[in-house]
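Residue-level structure breakdown
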Amino acid sequence: MGQSAAKRLAGETAAQWITSGMHIGLGTGSTTAYAIRAIGRRIREEGLMVRGVPTSSSAELLAREHGLPLCSLDNVTGLLDVALDGADEVSPALDLIKGRGAAHTCEKLVARQAKRFVVLIDPSKQVDQLGSKMPLPIEVMPMAAGVIMRSLDAMGAKGELRMGLRKDGPVVTDQGFWVIDAWFDKIDNPEVLDSVILAMPGVLDHGLFVQIATDVIVGTPDGVQVLTR
């Protein structure tokens, strides 16, 4: 099974966990896109009735394309029933690094407003220690970028301003902020690092999701593996 097939299996499995009447957080990225498409099929073919809260403009456009009724957190009384999203790294403790799509701030907000936060991945996203393969994205005020990169350097990390691939200048988030990708040798204590970075003036949020995921669905060649906290 290739990576795309594993992502599809994880996404389509998550779509089967959805029942009528649910309010669903809709994450951003290729794996969650499979879940959104599968939920759309269930709406058309089974009459499934749900409402989704998208975490980015791209998730909103995909959901609308596939017929998912949308709302905002302000329209939901209480917590969302479930939030579905992908991840860039998942540790054995089910802590995450997210943010390659630069939507991690909204994704974290939605995840924390859900009764269950279900993460959809292929096996390549499983790591023994966070930071093994991916940098930690940090969403920052543009005027604070230089200050924050110097602070990261003092912590022994290398910060790189994320630049646009098909545009001049840095990546700009939906909030109008920039993204610094911070490379750490290793992240021994995600909980402490979470607090340290959030305390830096000019930081909106970062891609560490510590003790938030309740379930992880892994698409594998042998089928689906479900991990729970």
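What comes next is a walk through the structure.

Scoring rules and cut-offs
Residues numbered from 1 in each chain as written. Predicted model: local features only at pLDDT ≥ 70, side-chain atom pairs only at ≥ 80, totals over all residues. Heavy atoms only, no water. Helix = DSSP H or I, 4+ residues; strand = E, 2+ residues; numbered from the N terminus. Buried < 20%, exposed > 50% of the residue type's maximum accessible area, 1.4 Å probe, protein only. Lys, Arg positive; Asp, Glu negative; His and termini not counted. Salt bridge = Lys/Arg side-chain N within 4 Å of Asp/Glu carboxyl O. Contact = heavy atoms within 4.5 Å. Pairing = 2+ DSSP bridges. Patch = residues over 30% accessible without salt bridge, like charges linked within 9 Å, V, L, I, M, F, W, Y side chains within 5 Å. Areas by Shrake-Rupley, 256 points an atom, 1.4 Å probe, with all protein chains shown as cover. Core = buried A, V, L, I, M, F, W, Y, C linked by side-chain atoms within 4.5 Å. Axes fitted to C-alpha atoms, helices over the stretch in contact; angles between N-to-C directions. Parallel < 35°, antiparallel > 145°, perpendicular 65-115°, else oblique. Left-handed = near helix turned anticlockwise from the far one by under 90°. Nonpolar A, V, L, I, M, F, W, Y, C, P; charged D, E, K, R; others polar. Right-handed = clockwise from strand over helix to strand, strands pointing away. Phe/Tyr/Trp six-rings, centres within 6.5 Å; stacked < 30°, edge-to-face > 60°. Lys NZ or Arg CZ within 6 Å of the ring centre and 35° of its normal.

What follows concerns the side chain of Glu89. Among the secondary structure elements, Glu89 is positioned in strand β4 (residues 89-90). Buried and unpaired, Glu89 has no salt bridge, with Lys133 as the nearest side chain of opposite charge at 6.8 Å. Apart from the residues within four sequence positions on either side, Glu89 is in contact with Asp95, Leu96, Ile97, Lys125, Val127, Gln129, Leu130, Gly131, Ser132, Lys133 and Met134.

Turning our attention to the sheet that holds β4. Pairing is antiparallel in the open sheet, where three strands are placed in the order β4-β5-β11. What marks the edges here is a single partner per strand, and that holds for β4 and β11 (208-209). Direction of pairing for β4 relative to strand β5 (residues 96-97): antiparallel, over a ladder of two bridges. Residue pairing in the sheet places Val90 in a bridge with Leu96 of β5.

Taken together, the side chains of Met155, Val192 and Val196 present a nonpolar region at the surface, about 220 Å² in accessible area. With respect to the helices and strands, the residue Val192 is situated in helix α6 (residues 190-198). The exposure class assigned to Val192 is partly exposed, which follows from its relative accessible area of 47%.

A few words on the nonpolar core. Among the nonpolar cores identified, the biggest contains 24 residues, and Ile18, Ile24, Ile39, Val50, Leu84 and Leu120 are the most heavily contacted of them. Mapped by element, the contributors of at least two residues to this core are α1 (3-16), β1 (23-26), α2 (30-46), α3 (57-65), β3 (82-85) and β6 (117-121). Top contributing element to this core by residue count: α2, with six residues. When residues no more than four places from it in sequence are discounted, the contact partners of Ile24 are Ile18, Ile39, Val50, Arg51, Gly52, Val53, Leu80, Val82 and Leu84. One finds Leu136, Ile138, Met200 and Leu208 within the second-largest nonpolar core, a separate group that totals 21 residues.

In the contact formed by α1 and α2, the axes pass within 7 Å of each other and the chain directions differ by 45°. In terms of their interaxial angle, α1 and α2 are classed as oblique. Along this stretch, α1 crosses α2, giving a crossing that reads as right-handed. When α1 is examined against α2, the residues Ser4, Lys7, Arg8, Ala10, Gly11, Glu12, Ala15 and Gln16 are found in contact with a partner set consisting of Ser30, Thr31, Tyr34, Ala35, Ala38, Ile39, Arg41 and Arg42. Here the contact of α1 with α2 is built from residues that sort into six nonpolar, five polar and five charged.

Every second residue of β1 is oriented toward a common face, with His23 and Gly25 on one face and Ile24 and Leu26 on the other, all of them buried. Where β1 lies against strand β2 (residues 51-54), four bridges are found, and the strand directions are parallel. Looking at the pairing, His23 lines up with Arg51 of β2. Following the backbone out of β1, through α2 and into the adjacent parallel β2, one traces a crossover that is right-handed.

Side-chain direction in a regular strand flips from residue to residue, so the side chains alternate between the two faces of the sheet. Taken across its five residues, β6 has five buried, putting it largely inside the fold. Residues Phe117, Val119 and Ile121 line one face of β6 and the alternating positions Val118 and Leu120 line the opposite face, and both faces are buried. Pairing of β3 with β6, which is carried by three bridges, proceeds in the parallel orientation. Looking at β6, one finds that Asp85 is bridged to Val119. As paired strands, β6 and strand β12 (residues 215-220) are joined by four bridges and run parallel to one another. Bridge pairing in β12 places Val118 opposite Asp215.

Okay, the packing of aromatic side chains next. One pair of aromatic rings is described through two measures. These are the centre distance and the angle between the planes. Using the criterion set out here, one finds one aromatic pair in the structure. In this arrangement the basic side chain of Arg37 is found over the ring face of Tyr34, its NZ or CZ atom lying 5.6 Å from the centre. Positioned above the aromatic ring of Phe209, the side-chain terminus of Lys108 is 5.2 Å from the ring centre.

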